[in-house]
Amino acid sequence: MPDDGPAGDGAAAPGRAARLLRRLLTFQTLLVGGSVVVVGYLALVPLGYLFHDTFLSGGGFSFDAFGRAYGGDSQSGSMMLNSLWFAFGSAALALLLGTALAYVQVRTDTPFKGLFFAASLVPLIIPGILYATSWIFLGDPTIGLLNTLVFKPLFGASPINIFSVWGMIWVQGLHLAPVAFLLMVAAFRAMDPSLEESAAMSGAGRGTILWRITLPLVRPAMISGALLMFVQSLESFEVPGLLGLQNGTYVFTSRIYFVLRAYPIDYGAAGAYAIGLLAIAAAGVLLSAWLQRSSRNFQTVTGKAFRPRPVELGRARPLAGAAVIGYFLLTVVLPIAVLIYASLLKYYAVPSRKAIKTMSLNNYREVLHTPLAFTALKNSLILGVGAATVVMLLTAIVSWVVLRTKAPGRRLLDMLAFTPIVIPGLVLGLALSFVYLRSSLPIYGTLLILLISYCTRYLPYGMRYSSAAMAQISPELEESAAVSGASWFQTFRRVVLPLMSSGFLAGWVYILVVSFRELSSTILLYSPGKEVLSVLIWEQFENGQFTTLAALGVCMVVILVLLVSVAYRLGARFGLQGDSTN
């Protein structure tokens, strides 16, 4: 009788291989693998090219690019100090204002609380380039309204110089304060006030309670806010570009832009500056994680319902109300009013009877009759809607993989999705130019490269919204749909997405707004005919057409307000329908 053992093993081997192949080709495995590939490509490939072209540009590994960038130049040290001082100062100012305003809003009986909403929302909608331009009209030493109409008549001098590091910190801090305010409002609302009430019953004063109890309890939120403000200030290009370059004050972002505008272009030196900026941003993230290692010691939110009792300000209530009105006027009314005023003039001038008589709508007519303006508007709409849709759909899938599966690569996927948060916009633009200038794919010089840039840049923010929305959905509903015979795609489309629609919409609107006003990565990647509104405004500033710039800026703000209003109205209608059908 022949021995069929080897033959049996040979027949079993293909069977085992087929079963292994079927196991590897399951939908979940393909979904995880595809997500890792897409997210990894967006997050890591540009950085890989950036490091390659910086260290290996001469054919072998060397630090020559760093020598050209940082060596033998006295401006390099001042540039690094200016960058750190600008980032720390702006973050400190934004966090101080945001925390104080959030405490007053949530924990006191201050009047005019409705103004806080406008004071927190409007600066978020105004692009940084327009906010910096409005403060040029307000704080220019020669023509600034605050100097010419307030300080010079009273004191005979013009003390405000917006074209300085202090001016840059002031503008950036005011522009970021609403973000810090929104973060701290959530922290104060979630905090259990029982410890404060116990301290008050023990005889502690308001100042002692605030310093010894309230602020330590919200320390994790303050650290997160400080990190976000620091990174956003470090990567800011609009404020240093408009204010710092006027008197030769360089930071990393403006220095990179200056190097890339010089001839011949030194891509290696630009990459060295970009890597230095990236290293500082990454160090800030690591420092924040280290500071938050004991954040569990400050957790006070439990399953017990509570409502903090507002602190009665008493005689200080009118002063608090006046401070609220003053802050609203300073951060919202004045910047918008000076833009509208400048947009009505042929040439910018200090307010006077003569200037008022020359007011007209000619700048708006010029904008409406400029074909490039409509091209820029169309490109901004395509990129904003496209980036918001792609990012939120991708992060919805990624968050499902991370939170709903036990796939081995889900932690790596989560980490990759958050990697771009430490990549400044100008660094990302430079890295993408390294990728697609050397690629045979016809992407450079098209809108697609801008879409890739926006999707990469705002991937971490979409991930935050999607993960928060996904975490609130019980998996029982998906399991019920699966038991009823629904496929994964049907369950995801008809159960998961409708249930996370509120978080999905919030992230979609946020990414739409920030994509619509994005400049730092766009300035290095756009080509003629592919301008967006923020680039068009930058070109108007470089050409000295300030009044036309103001008119274009006012139109841009109006469009953003309309987009946000329409999106939320449609989202509310969608949410009502979703509630009625489930």
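Residues numbered from 1 in each chain as written. Predicted model: local features only at pLDDT ≥ 70, side-chain atom pairs only at ≥ 80, totals over all residues. Heavy atoms only, no water.

Chemist: Explain the overall build of the protein chain residue by residue, including any values.
Modeler: When helices and strands are counted, the protein chain shows 27 helices and 0 strands. A total of 582 residues make up the protein chain; the buried ones form 49% of that total. By element, 66% of the accessible surface of the protein chain is carried by carbon and sulfur atoms, the whole surface being about 28200 Å². (Helix = DSSP H or I, 4+ residues; strand = E, 2+ residues; numbered from the N terminus. Buried < 20%, exposed > 50% of the residue type's maximum accessible area, 1.4 Å probe, protein only. Areas by Shrake-Rupley, 256 points an atom, 1.4 Å probe, with all protein chains shown as cover.)

Chemist: Run through the confidence of the model for the protein chain, naming residues and quoting values.
Modeler: Across the protein chain, pLDDT averages 80, with 84% of residues at or above 70. Per-element confidence in the protein chain is highest for helix α21 (residues 447–457), whose mean pLDDT is 92, and lowest for helix α1 (residues 5–24), whose mean pLDDT is 57. This stretch, residues 295–305, has a pLDDT under 50; its non-local contacts, to residues over four places away or in other chains, come to 9 contacts. Every residue in residues 575–582 is under pLDDT 50, and counting partners more than four places away or in other chains gives 0 contacts. (pLDDT = per-residue confidence, 0-100. Contact = heavy atoms within 4.5 Å.)

Chemist: Please give an account of helix α26 (residues 533–542) that cites residues and values.
Modeler: Owing to its 3.6 residues per turn, the α-helix aligns residues three or four sequence positions apart on the same side. Most of α26 sits inside the fold, with 9 of its 10 residues counted as buried. Regarding α26, the residues found buried are Leu533, Ser534, Val535, Leu536, Ile537, Trp538, Glu539, Gln540 and Phe541. A positive backbone phi angle near 75 degrees is found at Gly544, which sits one or two residues after α26.

Chemist: Could you give me a rundown of the side chain of Thr99, with the residues and numbers involved?
Modeler: Relative to the helices and strands, Thr99 resides in helix α4 (residues 74–107). Residue class for Thr99 comes out buried when judged on its relative accessible area of 10%. At 2.7 Å, the side chain of Thr99 forms a polar contact with the backbone oxygen of Leu95. (Polar contact = N/O pair within 3.5 Å; in protein donor to acceptor, adjacent residues only side chain to side chain.)

Chemist: Could you give me a rundown of the packing of aromatic side chains, with the residues and numbers involved?
Modeler: Counting across every chain of the model gives 21 aromatic pairs. Between Trp135 and Trp170 the ring centres are 6.0 Å apart and the planes differ by 90 degrees, which places this aromatic pair in the edge-to-face class. Pair noted here: Trp135 is in helix α6 (residues 128–139) and Trp170 is in helix α8 (residues 165–190), with a separation of 35 residues, a long-range link. A residue is classified by how much of its surface remains accessible, and Trp170, at 32% relative accessible area, is partly exposed. The interplanar angle of 90 degrees and the centroid separation of 5.7 Å between the aromatic rings of Tyr257 and Trp538 together place this pair among those described as edge-to-face. Pair noted here: Tyr257 is in helix α13 (residues 252–261) and Trp538 is in helix α26, with a separation of 281 residues, a long-range link. There is no split in this pair, since Tyr257 and Trp538 are both buried. An aromatic cluster of at least three residues, connected via ring pairs, comprises Phe51, Phe55, Phe63, Phe66, Tyr70 and Tyr273. When the ring centre of Tyr250 is taken as origin, the NZ or CZ atom of Arg255, which lies over that ring, is 5.2 Å away. (Phe/Tyr/Trp six-rings, centres within 6.5 Å; stacked < 30°, edge-to-face > 60°. Lys NZ or Arg CZ within 6 Å of the ring centre and 35° of its normal.)

Chemist: Pulling in residues and values, what's your account of the nonpolar core?
Modeler: With 148 residues, the main nonpolar core has Leu50 and Leu130 as its most contacted residues. The element contributing the most residues to this core is helix α18 (residues 371–404), with 13 residues. In this structure Leu50 touches Gly271, Ala274, Ile275, Val427, Leu430, Ala431 and Phe434, once residues within four positions along its chain are discounted. Among the nonpolar cores identified, the runner-up in size contains 15 residues, and Leu101, Phe181, Val185 and Val218 belong to it. (Core = buried A, V, L, I, M, F, W, Y, C linked by side-chain atoms within 4.5 Å.)

Chemist: Any details on the environment of Val350? Residues and values, ideally.
Modeler: Note that Val350 resides in the loop between α15 (317–343) and α16 (353–357). A relative accessible area of 27% means that Val350 is categorised as partly exposed. Remark: the alpha-carbon pair of Val350 and Phe137, spanning 213 residues in sequence, is separated by 9.2 Å. Residues in contact with Val350, not counting those within four places in the same chain, are Ile143, Leu145, Thr148, Leu149, Tyr341 and Ala355.

Chemist: Account for the packing of α18 against helix α25 (residues 501–516), naming residues and giving values.
Modeler: Put simply, α18 and α25 touch, their axes get as near as 8 Å, and they point 145 degrees apart. α25 is crossed by α18, and the crossing has right-handed handedness. In this structure, α18 contributes Leu377, Ser380, Leu381, Gly384, Val385, Ala387, Ala388, Thr389, Val391, Met392 and Leu393 to the contact, and α25 contributes Gly503, Phe504, Gly507, Trp508, Ile511, Leu512, Ser515 and Phe516. The residue makeup of the contact of α18 with α25, split by class, is 13 nonpolar, 6 polar and no charged. (Axes fitted to C-alpha atoms, helices over the stretch in contact; angles between N-to-C directions. Left-handed = near helix turned anticlockwise from the far one by under 90°. Nonpolar A, V, L, I, M, F, W, Y, C, P; charged D, E, K, R; others polar.)

Chemist: Give me a nonpolar patch on the surface: which residues, what numbers.
Modeler: Together, Phe112, Ile325, Leu329 and Val333 make up an exposed nonpolar region whose accessible area comes to about 310 Å². Taking relative accessible area as the criterion, Leu329 reaches 40% and is therefore assigned partly exposed. (Patch = residues over 30% accessible without salt bridge, like charges linked within 9 Å, V, L, I, M, F, W, Y side chains within 5 Å. Salt bridge = Lys/Arg side-chain N within 4 Å of Asp/Glu carboxyl O.)

Chemist: I'd like to hear about the pattern of salt bridges, residue by residue, with values.
Modeler: Note that side chains of opposite charge can pair when their charged atoms are close. Per the stated rule, a full pass over the model turns up 4 salt bridges. Between Arg68 and Asp266 there is a salt bridge; the shortest N-O distance is 2.8 Å. Of this pair, Arg68 sits in helix α3 (residues 64–70) while Asp266 sits in the loop between α13 and α14 (267–291), and the two are 198 residues apart along the sequence. Measuring nitrogen to oxygen at the nearest pair gives 3.0 Å for the salt bridge that ties Arg457 to Glu235. Taken together, the residues span a long stretch of sequence, with Arg457 in helix α21 and Glu235 in the loop between α11 (219–234) and α12 (238–244) at a distance of 222 residues. Accessibility expressed as a relative area gives 8% for Glu235, which makes it buried. Connected via shared salt-bridge partners are Glu235, Arg457 and Glu518.

Chemist: Let's hear about helix α19 (residues 410–418): which residues, and what values?
Modeler: Within the span of α19, buried status applies to Arg410, Leu413, Leu416 and Ala417. Along the axis of α19, the buried positions cluster into a sector of 120 degrees, meaning they face one direction only. Seen from the buried face of α19, the exposed residues on the opposite side, beyond 90 degrees, are Arg411 and Met415. (Arc of directions from axis to C-beta.)

Chemist: Can you tell me about the side chain of Ser433, naming the residues and giving the values?
Modeler: Inspection of the secondary structure assignment puts Ser433 in helix α20 (residues 425–437). In contact with Ser433, other than residues within four places in its own chain, are Tyr444 and Leu525.

Chemist: Account for the environment of Pro153, with residues named and values stated.
Modeler: Looking at the element boundaries, Pro153 is found in helix α7 (residues 145–155). In contact with Pro153, not counting residues within four places along its chain, are Asn147 and Thr148.

Chemist: Quick rundown of the environment of Ser35? Include the residues and the values.
Modeler: By the element assignment, Ser35 lies in helix α2 (residues 27–55). What Ser35 contacts, discounting residues up to four positions off in sequence, is Gly40, Ile397, Val398, Val401 and Leu413.

Chemist: Please set out the packing of α18 against α21 residue by residue, giving values where relevant.
Modeler: Packed helices, taken two at a time, are described by the angle between their axes plus the distance between the axes. It is the contact of α18 with α21, at a shortest axis distance of 9 Å, that shows an interaxial angle of 45 degrees. The angle between α18 and α21 places the two elements in the oblique class. The element α18 and its partner α21 pack so that their crossing is right-handed. Between α18, through Asn379, Leu383, Gly386, Ala387, Val390 and Val391, and α21, the contact on the second element is made entirely by Leu447, Leu450, Leu451, Tyr454 and Cys455. Among the residues forming the contact of α18 with α21, the class breakdown is 9 nonpolar, 2 polar and no charged. (Parallel < 35°, antiparallel > 145°, perpendicular 65-115°, else oblique.)

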